[in-house]
Amino acid sequence: MPHRNKNDKSVLVIGLGRFGSSLALELVNRDWDVLGVDSNPRMVQTYADALTHTVIADATDEEALRQVGAGNFNRAVVAIGTHLEESILATSQLVDMGVSNIWAKATSRRHGRILEQVGAHHVVLPEHDMGERVAHLLSGQMLDYVELEEGFSLGKTKAPKELLGRSLRETGVRQEYGITVVSIKRMGAEFTYATQDTVLNKGDVIVVAGRTDDVERFSEIV
């Protein structure tokens, strides 16, 4: 595998089962460079043409991970299925290699706590966090994301700098970006409904609604 700069839009996905493959395919659709790793040759063959790179390797083997360049990635997803020991060991190996943003699939809350203890930065339970949703969170600025139906989504994100200090009416955010700011959360306060007179301040978290493409584009504003 070629050396990867840690700032590249690249991600290592370990485990190409239902969750790992859906996440990997969604990231490829979003123009990410995805290296898919699985110990099962059949799974690797299945996604060889769809993903940027695929490799047959045992992710619990430190040397195997080094050979595929795992330490060169800034982001990695451990999507190994029901083999808890393999999941935990692979996560631990990535932590030791200095991967700074590790997402790990858990099969239970207890499993999730163990993954956090060995160093996973984000733990997801696939029954709540499907691959496409995690791909949106991993690749953008969104803090949370829910697709309500095909093509229409809610996204939680920090208020962009360019919108601060003006009312929503003044920013023309709906006309400019095609989204509606539904609610707002000030630091130390709870969420409340947003109105056209709401002024966004630094540190505010907002929930926006709109077509999925517009919500994604809005979340990438900094």
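Shown above is the structure to which this text applies.
Read on for a plain summary of the structure. Fair warning: this is a prediction, and the values are worked out from it, not measured in the lab. (Residues numbered from 1 in each chain as written. Predicted model: local features only at pLDDT ≥ 70, side-chain atom pairs only at ≥ 80, totals over all residues. Heavy atoms only, no water.)

## A closer look at the overall build of the protein
As a reminder of what qualifies: Numbering of helices and strands starts at the N terminus; helices are DSSP runs of H or I of at least 4 residues and strands are runs of E of at least 2. Here, residues are in contact when the closest pair of their heavy atoms is within 4.5 Å. Calculation of accessible area relied on Shrake-Rupley with a 1.4 Å probe; when residues are assessed, cover is drawn exclusively from the protein chains displayed.
Each helix and strand counted, the protein has 9 helices and 11 strands in total. Counting only contacts in the protein whose residues sit at least 6 apart along the sequence, the fraction spanning at least 24 positions is 56%. As displayed, the protein offers around 11400 Å² of accessible surface, 46% of which is attributable to carbon and sulfur atoms.

## Thoughts on the pairing of strand S1 (residues 10-14)
Along any regular strand, the residues point their side chains to alternate faces of the sheet. To keep things clear, this is the line we draw: Here's how the labels work: a residue is buried when its accessible area is under 20% of the maximum for its type, exposed when over 50%, partly exposed in between, all with a 1.4 Å probe on protein chains only. Only strands that DSSP links by at least two bridges are regarded as paired with each other. Seen with the strands pointing away from the viewer, any crossover whose path from the first strand over the helix to the second strand runs clockwise is right-handed.
Counting buried residues along S1, 5 of its 5 residues qualify, which places the element largely inside the surrounding structure. What you see with S1 is no split at all: Ser-10, Leu-12 and Ile-14 on one side and Val-11 and Val-13 on the other are buried throughout. Sheet topology note: the S1/strand S2 (residues 33-38) ladder contains 5 bridges and is parallel. Bridge assignment links Ser-10 to a residue of S2, and that residue is Asp-33. For the crossover that starts at S1, traverses helix H1 (residues 18-29) and ends in the parallel S2, the hand is right-handed. Inspection of the sheet shows S1 paired to strand S4 (residues 75-78) by 3 bridges, in the parallel sense. Residue pairing for S4: Leu-12 is matched across the bridge by Ala-76.

## Side note on the sheet that holds S4
Let me state the cut-off plainly: To get an axis, fit a line to the C-alpha atoms, keeping to the stretch in contact for a helix; angles then go from 0 to 180 degrees between the N-to-C directions.
Strand order across the open sheet formed by 6 strands is S3-S2-S1-S4-S5-S6, with parallel pairing between neighbours. Either end of the sheet is taken by a strand with one partner, and the two such strands are strand S3 (53-56) and strand S6 (122-124). Mean inter-strand twist for the sheet, computed between neighbouring axes without regard to direction, equals 15 degrees. Against the sheet, H1 contacts S1, S2, S4, strand S5 (101-105) and S6, and its axis sits at roughly 165 degrees relative to S1.

## Things to note about the packing of aromatic side chains
Short version of the rule: Two rings from Phe, Tyr or Trp (for Trp, the six-membered ring) form a pair when their centres sit within 6.5 Å of each other. Planes less than 30 degrees apart are called stacked, planes more than 60 degrees apart edge-to-face, and all others tilted.
In this structure the tally under the stated criterion is 1 aromatic pair. Relative to Phe-218, the ring of Tyr-177 has its centre 5.5 Å away and its plane inclined at 70 degrees; by these criteria the two rings are edge-to-face. Linking Tyr-177 in helix H8 (residues 173-177) with Phe-218 in helix H9 (residues 212-219), this pair joins segments that are 41 residues apart in sequence. The residues Tyr-177 and Phe-218 share a single accessibility class, namely buried.

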